[in-house]
Amino acid sequence: MAVPTPAVRTAAAADAADLAGVLARAFDDDPVWRWILPGDDSRVRRLTALFGILLRHVHLPHGACETTGRGAAVEAGALWDPPGRWRVPFGAQLRQGVPLVRALGVRLPAALRALGEIEKHHPAEPHWYLAILGTDPPAQGLGLGGALLRSRLDRCDAEGVPAYLESSKAANVPYYERFGFRVTKELALPGKDAPPVWLMWRDPQREGLA
């Protein structure tokens, strides 16, 4: 029996709190965030605060974030930035300063160094940027992430626009490759024992996604 494709919708401000929690739980086992917040029992709480900041001040205002789940539940989210709008404006950086200190504490400098190194390698060519994709662990394996990817990538193909992302987990690289992404660089992050990040680019595909 065929499994119905999950319904994808544009995320709204009212979804920010639920979506921040979903992404925090999804990234609790992420190698980069475990390095930034090592052995921290409060990691999910801190990541929930961080993703809440990013949603409200960076990604949701672009109107391109999407969410999906079983029924009306918010169980997965994709934070996309349109071409030319992936940089965080200086004013938004200022507004995030104090909340980021509260969320990341003494590990904020390590996080900023890592993000700064990643940003230096961000492509200049216009593209859609997948900043974050995550599914709540209990809902993983149900096709929610794939539905979110297809939603935007189908439009990238129709409009002839590339897409770009950074994968912070080696196991996710083959997953993204199935959607047409390819690794352009394995980037070593600054800092002792810092894990790598895989930079991945996707050219628009004429045949689209199956």
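The coordinates are above.
Residues numbered from 1 in each chain as written. Predicted model: local features only at pLDDT ≥ 70, side-chain atom pairs only at ≥ 80, totals over all residues. Heavy atoms only, no water.

Some remarks on the environment of proline 123
Relative to the elements of secondary structure, proline 123 occurs in the loop between α5 (108-120) and β4 (128-135). Overall, proline 123 belongs to the buried group, its relative accessible area being 18%. Counting along the chain gives 76 residues from proline 123 to leucine 199, while the straight-line C-alpha distance between them is 9.7 Å. With sequence-adjacent residues up to four places away left out, proline 123 is seen in contact with Trp86, Tyr164 and Trp201. (Helix = DSSP H or I, 4+ residues; strand = E, 2+ residues; numbered from the N terminus. Buried < 20%, exposed > 50% of the residue type's maximum accessible area, 1.4 Å probe, protein only. Contact = heavy atoms within 4.5 Å.)

Overview of the nonpolar core
Counting 41 residues, the largest nonpolar core has Leu47 and Phe51 as the members making the most contacts within it. The contacts of leucine 47, once residues within four sequence positions are left out, are Ala24, Phe27, Asp28, Trp33 and Leu37. Counting residues in each nonpolar core, the second largest holds 22 residues, with Ala78, Leu130, Leu133 and Leu149 among its members. (Core = buried A, V, L, I, M, F, W, Y, C linked by side-chain atoms within 4.5 Å.)

Section: the sheet that holds β4
Strand pairing within a sheet occurs via backbone hydrogen bonds; the two strands may be parallel or antiparallel. Taken in spatial order, the seven strands make up an open sheet running β1-β2-β3-β4-β5-β7-β6, and their pairing is mixed. A strand with exactly one partner marks an edge of an open sheet, and here the two such strands are β1 (9-10) and β6 (182-188). In terms of strand pairing, β4 meets strand β5 (residues 163-167) through three bridges, oriented parallel. Its bridge partner lying in β5, leucine 130 is registered against leucine 165. Contacting β2 (66-68), β3 (76-81), β4, β5 and β7 (196-202), helix α6 (residues 144-159) runs over the sheet at an angle of about 165° to β4. (Pairing = 2+ DSSP bridges. Axes fitted to C-alpha atoms, helices over the stretch in contact; angles between N-to-C directions.)

Quick notes on the environment of proline 204
Along the polypeptide, proline 204 turns up in the segment after β7. Along the sequence, proline 204 and valine 106 sit 98 residues apart, while their C-alpha atoms lie 41 Å from each other. Non-local contacts of proline 204, meaning those with residues more than four positions away in its chain, are made with Cys156, Asp157, Gly160, Val161 and Pro162.

Some details on α5
Its 13 residues place the ends of α5 18 Å apart at the C-alpha level, agreeing with the 18 Å of an ideal helix rising 1.5 Å per residue. Listed as buried for α5 are Leu108, Ala110, Ala111, Ala114, Glu117 and Ile118. (Expected span 1.5 Å × (residues − 1).)

A word on unusual backbone geometry
What you tend to see is this: most non-glycine residues have negative phi, and most peptide bonds are trans. The backbone of aspartate 193 sits at a positive phi, close to 60°, despite the residue not being glycine. In this fold, aspartate 193 is placed in the loop between β6 and β7. When its relative accessible area of 66% is taken as the criterion, aspartate 193 is described as exposed.

Quick look at the pattern of salt bridges
Should their charged atoms come close, side chains of opposite charge can pair. Going through the model one piece at a time under the given rule, you end up with 10 salt bridges. Taking the shortest distance from any N to any O, the salt bridge between aspartate 15 and arginine 9 comes out at 2.8 Å. The exposure class assigned to aspartate 15 is buried, which follows from its relative accessible area of 8%. (Salt bridge = Lys/Arg side-chain N within 4 Å of Asp/Glu carboxyl O.)

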